[in-house]
Amino acid sequence: MLSKSHRHIDNADRLNLASRLRAFKSRNISRLFPLLSSLKYSKPKSQWTREFRVDQAKKDFVVLILLSYKGWKRVTESGGLEDMELHAVRNDPHMLLDYLNYRHDDTSKDWYFLKDFDLEYTDWTGVTKALPSTMPSKSAILRIVREATRKGGSGFIHVGAHCMYGCYGTSHLNVQAGGAVYTEIPIGQSDGKAAYFISSDGQRVYGRDLHPCFSDGSEGRGGTLTLLLDVRAYLKDVVSLSCLNTTTPDAATEIEQTRTRKQLVLISSSQAGQVAGSLQNPAGYKGVFGAGTSLMIEYLSGHPSASPTEVVGYLNTVCSKRPEVHLRQSPSIVSRYPIEGALRLLPGPTAAL
């Protein structure tokens, strides 16, 4: 057993050895890295980055739903067959895409094309390509509209199709060589009526089907969603669009009280029970085009600062002069909130919330 004096000497030796070891390391580090002591630490400067929270990096979107029904026949109430093909639907996209400054391979917006025909388009840079396409079945329409609105900012949805207003019911499509026969089947003696359009698989797409796709999950966001189709009554059973931008006063003037911040605008070419007509060779174009769509694009192109009331006033003035009185139509624009300033089909980038 060691004495206290031996333990004291051992401790002293250990302290002395540790001191010499530190000195050795210091001399050799300085010899191996002579420049180390001359380096100065510089704190990096703060810089802005391109990283956004999920709700801030939103793209605007455009959805074109186009059905020409080539080769389709509809069974009439008398049992006869009526041609359903829509020629104007094949031409309308040219005016719409020109107005929206579409460019092939554009990634600044999300573009969705649902159509039952092939279409080549020459963009403003002179490039001609076939537009991408998804067959506009009912399930595809609902899926893509839901996808676009949930990840997008402001959006524009155009429906070029047979828009009907009638009793609730079902439909049957009998596909045949070179075409199809479409039959509507009413439900009992129901007096209820609603607007709908017909998808490529012969199903009815009601407002109550489409509206949840752009309200569920996106209604809390800002921005504007604009829907362009034939019949004003399309959404009347599912949402109150009571701000009327028309030339005729209406009793319904109260703004819908809702928590949503998303503006919803419905532009329609006609009223329930009216026929949405077509025009031949509008300014700068050849062929048959939808009257409401072509007149509106023509007016907006020449009057970019026009208000919704001015646009509707022009459309109704022109449509009221159609020689066939029974074919006259009354376009309208209704919205959830008042539209301030000029009418825009796609207002532009949505501000971060």
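Residues numbered from 1 in each chain as written. Predicted model: local features only at pLDDT ≥ 70, side-chain atom pairs only at ≥ 80, totals over all residues. Heavy atoms only, no water.

## Topic: the sheet that holds strand β11 (residues 193-198)
Sheet architecture is open: three strands sit in the order β8-β11-β12, paired in antiparallel fashion. Each edge of the sheet is formed by a strand with only one pairing partner; in this case those strands are β8 (163-167) and β12 (204-206). Going from strand to strand, the sheet's axes swing by 45° on average, the running direction of each strand aside. (Pairing = 2+ DSSP bridges. Helix = DSSP H or I, 4+ residues; strand = E, 2+ residues; numbered from the N terminus. Axes fitted to C-alpha atoms, helices over the stretch in contact; angles between N-to-C directions.)

## Notes on unusual backbone geometry
Backbone geometry at N101 places phi at a positive 55°, although glycine is not the residue there. You can see N101 is positioned in the loop between α2 (88-99) and β4 (110-115). Positive phi, normally seen in glycine, also occurs at D105, with a value near 65°. With respect to the helices and strands, the residue D105 is situated in the loop between α2 and β4.

## With respect to the packing of aromatic side chains
Counted under the stated rule, the structure contains 10 aromatic pairs. The ring of Y196 has R204 sitting right over it, with the charged end atom 4.5 Å from the ring centre. Sitting over the ring of Y206, R208 keeps its end group 4.9 Å from the ring centre. (Phe/Tyr/Trp six-rings, centres within 6.5 Å; stacked < 30°, edge-to-face > 60°. Lys NZ or Arg CZ within 6 Å of the ring centre and 35° of its normal.)

## Re the packing of helix α5 (residues 291-302) against helix α6 (residues 308-319)
Orientation of α5 relative to α6, taken along the N-to-C sense of each, is 130°, at an axis distance of 10 Å. In terms of axis orientation, α5 runs oblique to α6. Crossing angle aside, the handedness with which α5 passes α6 is right-handed. Judged by residue contacts, G292, L295, M296, Y299 and L300 of α5 engage E310, V311, Y314, L315, V318 and C319 from α6. Grouping the constituent residues of the contact of α5 with α6 by class yields nine nonpolar, one polar and one charged. (Parallel < 35°, antiparallel > 145°, perpendicular 65-115°, else oblique. Left-handed = near helix turned anticlockwise from the far one by under 90°. Contact = heavy atoms within 4.5 Å. Nonpolar A, V, L, I, M, F, W, Y, C, P; charged D, E, K, R; others polar.)

## Section: the environment of D230
If you trace the backbone, D230 turns up in strand β13 (residues 224-231). Non-local contacts of D230, meaning those with residues more than four positions away in its chain, are made with A161, C163, S268, S269, S270 and A276.

## Comments concerning the sheet that holds strand β10 (residues 179-186)
Strand order in the open sheet made by the four strands is β3-β2-β10-β9, with mixed pairing throughout. For this open sheet the edge positions go to β3 (81-83) and β9 (169-176), each flanked by a neighbour on one side alone. For this sheet, the mean angle separating the axes of adjacent strands, direction not counted, is 30°. Bridge count for strand β2 (residues 72-75) against β10 is three bridges, and the pairing is parallel. Its bridge partner lying in β10, W72 is registered against A180.

## A closer look at helix α3 (residues 138-151)
In this model α3 runs 21 Å from its N-terminal to its C-terminal C-alpha over 14 residues, within 8% of the 20 Å that 1.5 Å per residue would give. By the burial criterion, the buried members of α3 are K138, A140, I141, L142, I144, V145, A148 and T149. (Expected span 1.5 Å × (residues − 1). Buried < 20%, exposed > 50% of the residue type's maximum accessible area, 1.4 Å probe, protein only.)

## Structural notes on the side chain of D110
Along the chain, the position of D110 falls in strand β4. What makes D110 buried here is its relative accessible area of 16%. Once residues within four sequence positions are removed from consideration, D110 is found in contact with K59, D60, F61, V62 and K151.

## Structural notes on the nonpolar core
Among the nonpolar cores identified, the biggest contains 46 residues, and V63, I65, V145, I157, F197 and Y234 are the most heavily contacted of them. Here this core gets six residues from one element, more than from any other, and that element is α3. Sequence-distant contacts of V145, defined by excluding residues within four places in its chain, comprise V63, I65, I157, L210, C213 and F214. Grouped together as the second largest cluster of nonpolar side chains are 35 residues, L100, M296, Y299 and L346 included. (Core = buried A, V, L, I, M, F, W, Y, C linked by side-chain atoms within 4.5 Å.)

## Topic: the pattern of salt bridges
Applying the stated criterion across every chain, the model contains seven salt bridges. Put simply, E324 and R322 hold a salt bridge, and the shortest N to O gap is 3.1 Å. (Salt bridge = Lys/Arg side-chain N within 4 Å of Asp/Glu carboxyl O.)

## Considerations on the environment of L96
Residue placement: L96 occurs in helix α2. Classification of L96 as buried rests on a relative accessible area of 1%. Sequence separation between L96 and H158 is 62 residues; the distance between their C-alpha atoms is 9.2 Å. Residue contacts for L96: discarding those within four places in its chain leaves L64, F156, H158, L228, T293 and I297.

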